[in-house]
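An overview of the molecular structure
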Amino acid sequence: MSYLDAVRLHFAGRFQSDPATVNNDVRHFNNATFKPEYQEPRVPGGDFNGWWNPEGSGSFRLVGCKVTRVCYGDGSSATTKQADPVVGMWVADANERVAGKHVDLDPQQQLVSELWGLMVRLSDGERDCFSGRYHVAAFSDIWWARTKNLGPYKGDAGASCFYQSVIGPVDWGSLPDSRFLRELSRAAPQGLLSIRFVMDGYNSNAALPDMTMGRLVGTIGPYEHHEPRHFVAGRHLLSRVANNVPVSALNFMPAVVDSRRDVVVADFGNSLPVQTVRGPFADVGDVEVGYLEADGSFHSLGAADYRTPGWYESTAGIQSFPKDRPLTRQERHAVEHSRLAVAVAGQVVLKENEGGVHLRADTFVHRLDPGDTARVELYATRYGKPYPGATVVAWHDSSGLQPGVGPGPLGPAPAFGTPVEALTFDECIHTDHDGRATLELHASNPGSPRGYIDGQVYGVRYLLKEVARLFTNGTPPDFGYDPADFLSVLVWDAFPMPALPSWHEHLQPIFQQYANVYPLMGRIVNLASYDDLVRHTQLLAFAFGLPREDPNHMPATRALSNGKRRAILEWLRNPGPDGKPRLGTPVPRPAAEPQATALAPPESSTSASPEESKTLISKQRRLISLPPRLIQRVLSE
């Protein structure tokens, strides 16, 4: 049952994310029009320039995160160090290497940021109880309406999202006499742990304390190899949707039925609103978990204790229902065959889909070179059980992508999502007897459609046939799907290996672009200078040769195709007759322009400040539309 297993720990603290923001505007990738002032912070009242943090390092850190509660297999728990020594320990990142990196897929897809190279440790400050690699994952279900009262903060501080992934196999270190650790190690014999944490209250305003910091509350439990790594294959309670965002009082949330303890375990961590930035949950009235009777009436299994002081930090928003007894036989039968729901002040605001059906892709962010194939595992469930024989439809859908521009005179952004022929896949597939299906994404050379920036970014929407049938004239229904459930794919341009890569002919434009949009590197090496690169040849060959999962990998943004990376390594490792990487002959470079302009965003892109970067980007998304040919297909089956 992943992190929702009875054996789990909860932790709370803060996080630090230090992104570079010159690359927030896709037009800054144009070497021909780039200006030095784009590396400067935005002047209040002026242009966006380098947005709010141009010299960000990309680092991501866990800060002051401590275990607040440990839960045991029998449903009991401990909240003091005296009861279990794990309480109060640190949940920390690496102590013997650099921090992990917070990475956008592309300037035109900044809403699925991933964590690369992160380590997670449980430590008492002197020794580690366990440590392991955090498997790369992107955030999901970003919720802009999390915070009721922003106070002095702005847009991004009011949002929340979750990360879910796997740690390990972990190295079990020196274990104190802890009942919790004994139970956890037995529940995770392969050393794999499931982790999920919710982040909110992120501050990107330099005028306020703790810029680049936010709140983080999470849970760690055992991971079982047959489970998805990045979401719960359980019960999914859906919000109503309008304009691609949830509009119910609560956000989407998962739950599971724990058959060993006969309870429903619900996770409100990214679902309940908070009163103030990083503050307690807002009092929205009684919040009850239950199920829908055949006549649609709500049967309560109990109320959440969310108004108890400190409840969020000590539970991560996770609670069992009923909380003081197991399900009765009648209730057990009902939750296995009826839709789970959440009521606020007596009104149902979240519920499962009709028929209890749900579909989600495990890994939803992909980087592909021409000729690559990504195999996306999709899990279909019905009342939390595998849904065999389900029909899945998929299509190109750019609604979750963004033009990625701020205001100013830089002109239009390049179009995204074209040519569609560079990313192909089956539009209709079926799940196997385990409720799983593999959607294969085949990449070919997009042919530099965006001119000055490598490759093209695509969105792929997928839905169960039952949900696709609810579209009206291609327009989505207001219930039945999560707008966050789609695939984001970056397909790089082909870059044939030159026989003798040289600075002027091949590599100067690549390094110049990195020098422009990542000015922090200039403190170490001037990437725009051949002479400076020559002085750091060994260091660069080492960093570019590291696997992408390594926190020291260059570039930190993971924004380099394998073709270009091979050319760089060949250039660095095989010098010319003078013992230096080949300089070559200068060549004239015309201004690289995109072939087309993107569709206009639905809302003004000037209504947010650069400190609200994710908020601004989110307003540039567009609506989902189901192609007519797929409408006919799902209606005919």
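Procedures and definitions
- Counting restarts for each chain, with residues numbered from 1 along the sequence as it is written.
- With pLDDT at 70 or above as the cut-off, local features in this predicted model cover only qualifying residues; side-chain atom pairs require 80 or more to be listed or tallied, and sums for whole chains, interfaces and linings still use all residues.
- Each side-chain value is worked out from all heavy atoms of the structure, with water and hydrogens disregarded.
- Only runs of H or I of at least four residues qualify as helices and only runs of E of at least two qualify as strands under DSSP, and these elements are numbered from the N terminus.
- Using C-alpha atoms as the atom set, the radius of gyration is obtained and then compared with a globule rule of 2.2 Å times the number of residues to the power 0.38.
- Burial here depends on accessible area, computed with a 1.4 Å probe over protein chains only, as a share of the maximum for the residue type. Under 20% is buried, over 50% is exposed, and the range in between is partly exposed.
- Whether two residues touch is decided by their heavy atoms; if any such pair falls within 4.5 Å, the residues are in contact.
- The rule for pairing is simple: two strands pair if DSSP sees at least two bridges between them.
- For every element, the axis is a line fit to its C-alpha atoms; helices are fit only across the contacting stretch, and the angle between N-to-C directions ranges from 0 to 180 degrees.
- Note on aromatic contacts: the rings of Phe and Tyr and the six-membered ring of Trp form a pair at centre separations within 6.5 Å, being stacked when their planes are under 30 degrees apart, edge-to-face when over 60 apart, and tilted otherwise.
- Each ring is checked for a lysine NZ or an arginine CZ that lies within 6 Å of its centre and within 35 degrees of its normal; such an atom marks a charge sitting over the ring.
- Put simply, a salt bridge is a Lys or Arg side-chain nitrogen that is within 4 Å of an Asp or Glu carboxyl oxygen.
- The predictor attaches a confidence to each residue, called pLDDT, with possible values from 0 through 100.
- Cysteine sulfur atoms are paired as a disulfide whenever they fall within 2.5 Å.
- Here, expected helix span is obtained from the residue count minus one, scaled by 1.5 Å.
- The criterion is simple. A nonpolar core is a set of buried Ala, Val, Leu, Ile, Met, Phe, Trp, Tyr and Cys residues joined through side-chain atoms within 4.5 Å.
- These descriptions rest on fixed angle ranges, namely under 35 degrees for roughly parallel, over 145 for roughly antiparallel, 65 to 115 for roughly perpendicular, and the rest for oblique.
- Each crossing gets its hand from how the near helix is turned against the far one by less than a right angle, where anticlockwise is left-handed and clockwise is right-handed.

**Remarks on the overall build of the protein**
- The helix and strand inventory of the protein stands at 10 helices and 36 strands.
- For 637 residues, the compact-globule estimate of 2.2 N^0.38 gives 26 Å, and the C-alpha radius of gyration of the protein, at 25 Å, lies within 12% of that figure.
- The principal-axis extents of the C-alpha atoms in the protein amount to approximately 80 × 65 × 50 Å.
- Within the protein, the fraction of its 637 residues that count as buried is 59%.

**Observations regarding the environment of proline 19**
- Structurally, the position occupied by proline 19 is in the loop between strand 1 (8-18) and strand 2 (59-71).
- C-alpha of proline 19 to C-alpha of tryptophan 52: the two residues are 33 residues apart in sequence and 9.6 Å apart in space.
- Not counting residues within four places of it along the chain, the set of residues in contact with proline 19 comprises Trp52, Asn53, Gly56, Gly58 and Tyr202.

**Let's talk about the sheet that holds strand 22 (residues 287-292)**
- One open sheet accounts for 4 strands, arranged 23-22-25-26; its pairing is antiparallel. Edge positions in the sheet fall to strand 23 (298-303) and strand 26 (347-351), since each of these pairs with one other strand and no more. For this sheet the average axis-to-axis angle between neighbouring strands, irrespective of direction, equals 40°.

**Topic: the packing of aromatic side chains**
- As enumerated under the stated definition, the model contains 21 aromatic pairs in all.
- Geometrically, the ring pair formed by phenylalanine 511 and phenylalanine 544 is edge-to-face, given 5.9 Å between the ring centres and 80° between the ring planes. One end of the pair, phenylalanine 511, is in helix 5 (residues 503-517); the other, phenylalanine 544, is in helix 7 (residues 537-545), with 33 residues separating them in the sequence. Here phenylalanine 511 and phenylalanine 544 have matching classes, each one buried.
- Put simply, the rings of Trp503, Phe511, Tyr530, Phe544 and Trp571 pair up and form one aromatic cluster.
- Of note, lysine 351 hangs over the ring of phenylalanine 479, and the distance from its end group to the ring centre comes to 5.4 Å.

**As for the pattern of salt bridges**
- For the structure shown, the criterion picks out 36 salt bridges.
- Here aspartate 283 and arginine 307 are joined by a salt bridge, their closest N and O atoms 3.1 Å apart. With aspartate 283 in the loop between strand 21 (274-276) and strand 22 and arginine 307 in the loop between strand 23 and helix 2 (311-315), this residue pair connects regions lying 24 residues apart in the sequence.
- Taking the relative accessible area as the measure of exposure, aspartate 283 reaches 54% and is therefore exposed.
- Note that arginine 332 and glutamate 336 form a salt bridge whose closest N and O atoms lie 2.6 Å from each other. Of this pair, arginine 332 and glutamate 336 are both found in helix 3 (residues 329-337), 4 residues apart, which corresponds to roughly one turn of the helix.
- Using a relative accessible area of 21% as the deciding quantity, one classes arginine 332 as partly exposed.

**Structural notes on the sheet that holds strand 31 (residues 391-396)**
- Read across the sheet, 5 strands follow the order 28-36-35-31-33 without closing on themselves; strand pairing throughout is mixed. Edge positions in the open sheet fall to strand 28 (365-368) and strand 33 (428-430), since each of these has one partner strand only. If you compare each strand with its neighbour and ignore which way they point, the axes differ by 25° on average.

**As for the pairing of strand 23**
- Pairing analysis gives 4 bridges linking strand 22 to strand 23, with the strands arranged antiparallel. Bridged to leucine 292 within strand 23 is phenylalanine 298.
- Here strand 22 hands over to strand 23 after 5 residues, with glycine 296 in that stretch at a positive phi of 90°.

**Overview of the confidence of the model for the protein**
- Confidence along the protein averages 93 in pLDDT terms, with 94% of residues attaining 70 or more.
- Taken as a whole, residues 599-606 scores under 50 in pLDDT and shows 15 contacts with residues more than four places along the chain or in a different chain.

**Some words on the state of the cysteines**
- Evaluated as defined, the whole model comprises 0 disulfides.
- For cysteine 65, which is in no disulfide, the shortest distance to another cysteine sulfur is to cysteine 161 and amounts to 14 Å.
- By relative accessible area, which is 1% here, cysteine 65 ends up buried.
- Cysteine 129 forms no disulfide, and the closest cysteine sulfur to it belongs to cysteine 65, at a distance of 16 Å.
- With relative accessibility at 0%, the residue cysteine 129 sits in the buried group.

**A short note on helix 8 (residues 562-573)**
- Taking 1.5 Å as the rise per residue, helix 8 with 12 residues should run 16 Å; its terminal C-alpha atoms sit 16 Å apart, in good agreement.
- Regarding helix 8, the residues found buried are Gly563, Lys564, Arg565, Ala567, Ile568, Leu569, Trp571 and Leu572.
- Close packing links the buried residues of helix 8 with helix 5, helix 6 (530-535) and helix 7.

**Thoughts on the nonpolar core**
- Residues Leu439, Leu441, Leu464 and Leu487 are the most contacted members of the largest nonpolar core, which totals 53 residues.
- Not counting chain neighbours up to four residues away, the residues in contact with leucine 441 comprise Leu368, Asp372, Thr373, Ala374, Val376, Leu423, Thr424, Phe425, Leu487 and Val489.
- Listed in part, the 45 residues of the second largest apolar core include Val7, Trp52, Tyr72 and Ala78.

**What to know about the packing of helix 5 against helix 8**
- Between helix 5 and helix 8, the least distance of the axes is 11 Å, while the angle of their chain directions is 120°. The angle between helix 5 and helix 8 places the two elements in the oblique class. For helix 5 against helix 8, the interelement crossing comes out left-handed. Residue-level inspection shows Trp503, Leu507, Ile510 and Phe511 of helix 5 in contact with helix 8, the latter providing Lys564, Ala567, Ile568 and Trp571.

**A closer look at the environment of asparagine 473**
- The residue asparagine 473 is located in the loop between helix 4 (465-468) and strand 36 (486-491) in this model.
- Using a relative accessible area of 76% as the deciding quantity, one classes asparagine 473 as exposed.
- Along the chain, asparagine 473 and proline 628 lie 155 residues apart, while their C-alpha atoms are 7.7 Å from each other.

**What about unusual backbone geometry?**
- In this structure, proline 419 follows threonine 418 across a cis peptide bond, with omega equal to -5°.
- Within the element layout of this structure, proline 419 appears in the loop between strand 31 and strand 32 (423-424).
- Across the junction of methionine 554 and proline 555, the peptide omega takes the value -5°, indicating a cis bond.
- Checked against the element boundaries, proline 555 lands in the loop between helix 7 and helix 8.
- The backbone phi angle of asparagine 243 is positive, close to 50°, even though this residue is not glycine.
- Residue placement: asparagine 243 occurs in the loop between strand 17 (241-242) and strand 18 (245-246).

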